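Summary of structural features
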Amino acid sequence: MSLKDKLIAEKLPNHIAIIMDGNGRWAKMKGNSRIFGHKNGVNGVKESSEACAELGIDFLTLYAFSTENWSRPKLEVMALMELLISTINSEVDTLMKNNIRLNAIGNLSDLPKKAYEKLMNAIEKTKNNSGLTLILALSYSAKTEIINAVKLISENVKNGEMDINDINEKVFENYLYTAGIPNPDLMIRTSGEQRISNFLLWQLAYSELYFTEVLWPDFNREELYKALFDYQNRERRYGKISEQL
Ligand code: IPE
Ligand code: IPE
Ligand code: MG
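Residues numbered from 1 in each chain as written. Chains lettered and ligands numbered in written order. Predicted model: local features only at pLDDT ≥ 70, side-chain atom pairs only at ≥ 80, totals over all residues. Heavy atoms only, no water.

This brings us to the site of ligand 2. Contacts to ligand 2 come from I19, M20, D21, Y63, A64, F65, S66, N69, R72, R189, R195 and S197. Contact distances for ligand 2 include 3.2 Å between an oxygen atom and a side-chain N or O atom of R72. Between ligand 2 and R189 there is a distance of 3.3 Å, counted from an oxygen atom to a side-chain nitrogen or oxygen. Calculation on ligand 2 without its partners gives an accessible area of 390 Å², and the protein chains cover 77% of this total. When atom positions are compared with the pocket grids, ligand 2 is found to occupy the largest pocket. For the shell around ligand 2, the element with the highest residue contribution is strand β2 (residues 59–66), accounting for four residues. (Near = heavy atom within 4 Å. Polar contact = N/O pair within 3.5 Å; in protein donor to acceptor, adjacent residues only side chain to side chain. Areas by Shrake-Rupley, 256 points an atom, 1.4 Å probe, with all protein chains shown as cover. 1 Å grid on protein atoms, 1.4 Å probe; cavity = no way out; pocket = protein on both sides within 12 Å on 5 of 7 lines; lining within 4 Å. Sits in = over half its atoms within 2 Å of the grid points. Helix = DSSP H or I, 4+ residues; strand = E, 2+ residues; numbered from the N terminus.)

Take a look at the structure:
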């Protein structure tokens, strides 16, 4: 029996978030450039999104580029932006074929014009697909997202459109980039690093965390099934005790 067959359909997460890490180290191990690692990282994106679509998972959020990543060497940043454009070009048909709807969160206006336009076109083209929603976090910072929400809410209060007492967790969530998207049930980080790196700070409050040593270009369906199997053997207590569940 393969690992996939051992998964219990009713206990699959609704939303998986992944910090795709380790492209640079993967390339270095092979004596190649970091950019070569990023190119091969597209493999992990395809594998994980197709596997999620097949399993009937509703949301997959992939951390593709953080606001902090703008500080990397210019050549690497440019190569990542080019890769974003070429991947959208080559993969839109696959998204359509697999009924995947593309979405994006982050400070998207920071992206180079061409990348921004490609992304918007792909989002528009796939908007009526009804299977998996694939969300790319691009130029993303969770702290910026939260500050942004605070500013929008403050503006509403200042204009008299909202009362301070109306602010609660549910309302606050409507002002995040992820408004309308359920919080991740499972967060995976590859490459052995065990930190959040400014990813979905609010949304991960009660997510199950899974860390694997596998470097992102080597992440495939089987690795995803491993993470899901691990997830299904956890008890999500939300502060209660076992007997209450
Ligand atoms: C993740 O791989 C991809 C991005 C952050 C864009 P890294 O490029 O961080 O790879 P390592 O961590 O240096 O190995
Ligand atoms: C986090 O990875 C960002 C993405 C995966 C896009 P990094 O490799 O940039 O994070 P740190 O620097 O190790 O925390
Ligand atoms: Mg890294």
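Along the polypeptide, T133 turns up in strand β4 (residues 133–140). T133 sits in the buried class, given a relative accessible area of 4%. When neighbours within four sequence positions are excluded, T133 is seen to be in contact with D58, F59, L60, R101 and N103. (Buried < 20%, exposed > 50% of the residue type's maximum accessible area, 1.4 Å probe, protein only. Contact = heavy atoms within 4.5 Å.)

The next subject is the environment of N121. If you trace the backbone, N121 turns up in helix α5 (residues 113–125). Taking the C-alpha atoms as reference points, N121 and I88, separated by 33 residues in sequence, lie 9.5 Å from one another.

Right, let's get into the sheet that holds β4. One open sheet accounts for six strands, arranged β3-β4-β2-β1-β5-β6; its pairing is parallel. The strands lining the two open edges of the sheet, one partner per strand, are β3 (101–105) and β6 (208–211). Neighbour-to-neighbour, the strand axes of this sheet turn through a mean angle of 20 degrees, independent of strand direction. Of the pairings in the sheet, the one linking β3 to β4 comprises five bridges and is parallel in character. For L102, the partnering residue across the bridge sits in β4 and is L134. (Pairing = 2+ DSSP bridges. Axes fitted to C-alpha atoms, helices over the stretch in contact; angles between N-to-C directions.)

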